[in-house]
Protein chains: 2
Amino acid sequence: MKLLKERILREGTLASEGVLRVDSFINFQVDVELTDLMGREFARIFEGSGATKVLTVEASGIPAAYATAVHMGNLPLIFAKKARPSTASGDDYCAELRSFTKGNVSTIRVPRKYLSFSDRVLIIDDFLATGSASLALLELLNLAGASCVGLGAVIEKEFQGGRTKLEERGIKVSSLARIKSMREGRIEFAEED
Amino acid sequence: MKLLKERILREGTLASEGVLRVDSFINFQVDVELTDLMGREFARIFEGSGATKVLTVEASGIPAAYATAVHMGNLPLIFAKKARPSTASGDDYCAELRSFTKGNVSTIRVPRKYLSFSDRVLIIDDFLATGSASLALLELLNLAGASCVGLGAVIEKEFQGGRTKLEERGIKVSSLARIKSMREGRIEFAEED
């Protein structure tokens, strides 16, 4: 997605090793016009997938997932929450989210009643990096017996390997800006799919 | 907003004392069509306010705030994050959020560069109860010298007193479903403004 890539090059900043900050239009301040275009693009990519729901994890993935749900014909949008032990219950599907960058493990959850074996779910998130969040979301779907029709990431850091792990599981992965490398302060995009 | 009130009566559940759960269309699963109508309604209510930005706090407020930003002419949407000590920095405005229900204090933050004294900010959130989240968001605006043109809540629990605290500070408050009382499993709405 050309507009997005231009924006990343103009406003993205490379923080510590492998970390790209896009706070000015995705992660703190949201450009809703650009986000709407992202939603349209995901809807185009996953047209015909038969998706019945869109799933993301709080919080930064919500705007793009919302716009996608709108453009796929007002599908229900579900967002998994990061759970505190006090809030998770037996009525929830829970999965561990291993953060490779932070080195810790947290839990995400969705109430059982919002995912069932008849659901065909499209996962949308802001970043695909090591794939830890995506794998945790897939685990929630597995627990529910729901199928995953694909995973859309706004920005993919290809060099961190998430795509490979997902494709090995048969998941169709698509990202709007696929970054091949971030070295010496320079962002290089991969060839278009 | 009639559609919203009907939905609350049909699907809302009263959990513990004073707690209303609307997980099936706002807090876990989002009805994006209804949310879009909420955004249109907030845009109508705050038309002519001269808002330059929409502000919310992660995570459940994001969909309604997003829809409002879209319908107010694609305003930038900012969401404050709940901060961990490790993530807040001197580049952020921070405010304490006192949870009267949970009895704890947490911190919310927004990077300084996204709020300035020239901003006229509309705050949108999913719930207005005791006003703790709204007061914390107002504190962020005060730190930035930005003005608040109003506060819109999807659901207001009037009996928990948040509106009074905000109106005392001169804030225009508007909610789409204003609940006067929740007693003995029965929800009673206030008269329309």
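Check the entry above for the structure.
From a predicted model like this one, the values you see are computed outputs, not experimental measurements.

Novice: Can you break down helix α4 (residues 62–71) of chain A residue by residue, with the values?
Specialist: Residues three or four positions apart in an α-helix share a direction because the helix packs 3.6 residues into each turn. Residues and elements named next belong to chain A. Burial within α4 is extensive, with 10 of its 10 residues counted as buried. All of the buried residues along α4 are Ile62, Pro63, Ala64, Ala65, Tyr66, Ala67, Thr68, Ala69, Val70 and His71. Backbone geometry just downstream of α4 places Gly73 in the positive-phi region, at approximately 95°.

Novice: Talk me through the relation of the copies chain A and chain B; I want residue IDs and the actual numbers.
Specialist: Expressed as a screw transformation, the operator carrying chain A onto chain B has a rotation angle of 180° and an axial translation of 0.0 Å, and the superposed copies differ by an RMSD of 0.0 Å. Given the turn and translation reported, the copies of this chain are related as if by a two-fold rotation axis. In terms of proximity to the rotation axis, the leading residue of chain A is Ala59 of chain A, whose C-alpha is 2.6 Å off the axis. Taken together, the interface assignments show that 100% of the residues at the interface of chain A recur at the interface of chain B, consistent with an identical surface on both copies.

Novice: How would you summarise the packing of helix α1 (residues 2–11) of chain B against helix α3 (residues 32–45) of chain B if you had to cite specific residues and measurements?
Specialist: Residues and elements named next belong to chain B. Interaxial distance between α1 and α3 falls to 10 Å at its minimum, and their mutual angle equals 135°. Here α1 lies oblique to α3, going by the angle between them. Classified by chirality, the crossing of α3 by α1 is left-handed. Contacts between α1 and α3 involve Leu3, Leu4 and Arg7 from the first element and Leu34, Leu37 and Met38 from the second. Residue composition of the contact of α1 with α3, grouped by class: five nonpolar, no polar and one charged.

About the cut-offs
- Residues numbered from 1 in each chain as written.
- Chains lettered and ligands numbered in written order.
- Predicted model: local features only at pLDDT ≥ 70, side-chain atom pairs only at ≥ 80, totals over all residues.
- Buried ≥ 20, exposed ≤ 12 C-beta atoms within 10 Å, placed from the backbone.
- Helix = DSSP H or I, 4+ residues; strand = E, 2+ residues; numbered from the N terminus.
- Least-squares fit on C-alpha atoms with pLDDT ≥ 70 in both.
- Contact = placed C-beta atoms within 7 Å.
- Axes fitted to C-alpha atoms, helices over the stretch in contact; angles between N-to-C directions.
- Parallel < 35°, antiparallel > 145°, perpendicular 65-115°, else oblique.
- Left-handed = near helix turned anticlockwise from the far one by under 90°.
- Nonpolar A, V, L, I, M, F, W, Y, C, P; charged D, E, K, R; others polar.

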